[in-house]
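Structure at a glance
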Amino acid sequence: MGIVQATDEAWMRHAIRLAQRAGQQGEVPVGAIVVKDNQCIAEGWNTSIGDHDPTAHAEIVTLRMAGLMMKNYRLCEATLYVTLEPCVMCMGAISHARIQRLVFGAFDPKRGAVCNALSLTDASFLNHKTNWEGGVLEQECSEIIKDFFRARR
């Protein structure tokens, strides 16, 4: 784990707004942004249902956009903010993109691949170490997801 920075809550609030947009579209409400040099270079939210694409998680959508914006698939010195602890697929992409720092809101005890179901940030087989901080605006991020699934039941 790393250290919460002064701007982390502001960037996470931006990601929360994107998660709310996903929920309004009937998607699982997860939002993400990539920040480099204190500038948002890409943003996204879950679009798996609408795009009929199992890989269209908020992190993947955002990393793809960031790669296009930077004209490079390596996103060194960038921070990824996401409202939910990333899954194994997303952690693989985060590592391959060389994201320097990951900041997430809600922990995912069942599928989280940062520090819960798996701890891929500590995996010796990955050739890139991503620093991370979890629990930033955790309550708000968690409530968005809980409310979404409560309404669907």
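As annotated in an unreviewed UniProt entry, the chain carries the name tRNA-specific adenosine deaminase and is attributed to Candidatus Methylobacter favarea. Per UniProt, the comment on the chain under Sequence similarities (unreviewed entry) is "Belongs to the cytidine and deoxycytidylate deaminase family. ADAT2 subfamily." A UniProt comment under Subunit (unreviewed entry) is attached to the chain, and it reads "Homodimer."

Turning next to a nonpolar patch on the surface. On the surface, Met65, Met69 and Met70 cluster together to form a nonpolar patch covering roughly 280 Å² of accessible area. In this structure, methionine 70 sits in helix α3 (residues 58-70). In this structure methionine 70 comes out as partly exposed when scored by relative accessible area, which is 33%.

Time to look at the nonpolar core. Core analysis: the largest hydrophobic core is formed by 41 residues, its most contacted members being Met12, Val34, Ile99 and Leu102. Elements with a minimum of two residues in this core: α1 (8-24), β1 (31-36), β2 (39-45), α3, β3 (79-84), α4 (88-96), β4 (101-106) and α5 (138-152). No other element matches the six residues that α1 contributes to this core. With sequence-adjacent residues up to four places away left out, methionine 12 is seen in contact with Tyr81, Val82, Thr83, Val103, Phe104, Gly105, Val136, Leu137 and Cys141.

With that settled, consider the UniProt feature "domain: CMP/dCMP-type deaminase" (unreviewed entry) in the chain. Per the UniProt entry, the sites bearing "domain: CMP/dCMP-type deaminase" (unreviewed entry) are residues 6-115 in this numbering. Along residues 6-115 one finds 39% helix and 23% strand; the C-alpha atoms at either end are 23 Å apart.

Spatial strand order, β2-β1-β3-β4-β5: five strands in an open sheet with mixed pairing. Looking at the sheet topology across the chains shown, the edges are occupied by β2 and β5 (131-134). Neighbour-to-neighbour, the strand axes of this sheet turn through a mean angle of 15°, independent of strand direction. Summarising the sheet, β4 and β5 pair through four bridges and their orientation is parallel.

Calculation rules
Residues numbered from 1 in each chain as written. Predicted model: local features only at pLDDT ≥ 70, side-chain atom pairs only at ≥ 80, totals over all residues. Heavy atoms only, no water. UniProt positions renumbered as here; feature names shortened; annotations may be inferred. Patch = residues over 30% accessible without salt bridge, like charges linked within 9 Å, V, L, I, M, F, W, Y side chains within 5 Å. Areas by Shrake-Rupley, 256 points an atom, 1.4 Å probe, with all protein chains shown as cover. Salt bridge = Lys/Arg side-chain N within 4 Å of Asp/Glu carboxyl O. Helix = DSSP H or I, 4+ residues; strand = E, 2+ residues; numbered from the N terminus. Buried < 20%, exposed > 50% of the residue type's maximum accessible area, 1.4 Å probe, protein only. Core = buried A, V, L, I, M, F, W, Y, C linked by side-chain atoms within 4.5 Å. Contact = heavy atoms within 4.5 Å. Pairing = 2+ DSSP bridges. Axes fitted to C-alpha atoms, helices over the stretch in contact; angles between N-to-C directions.

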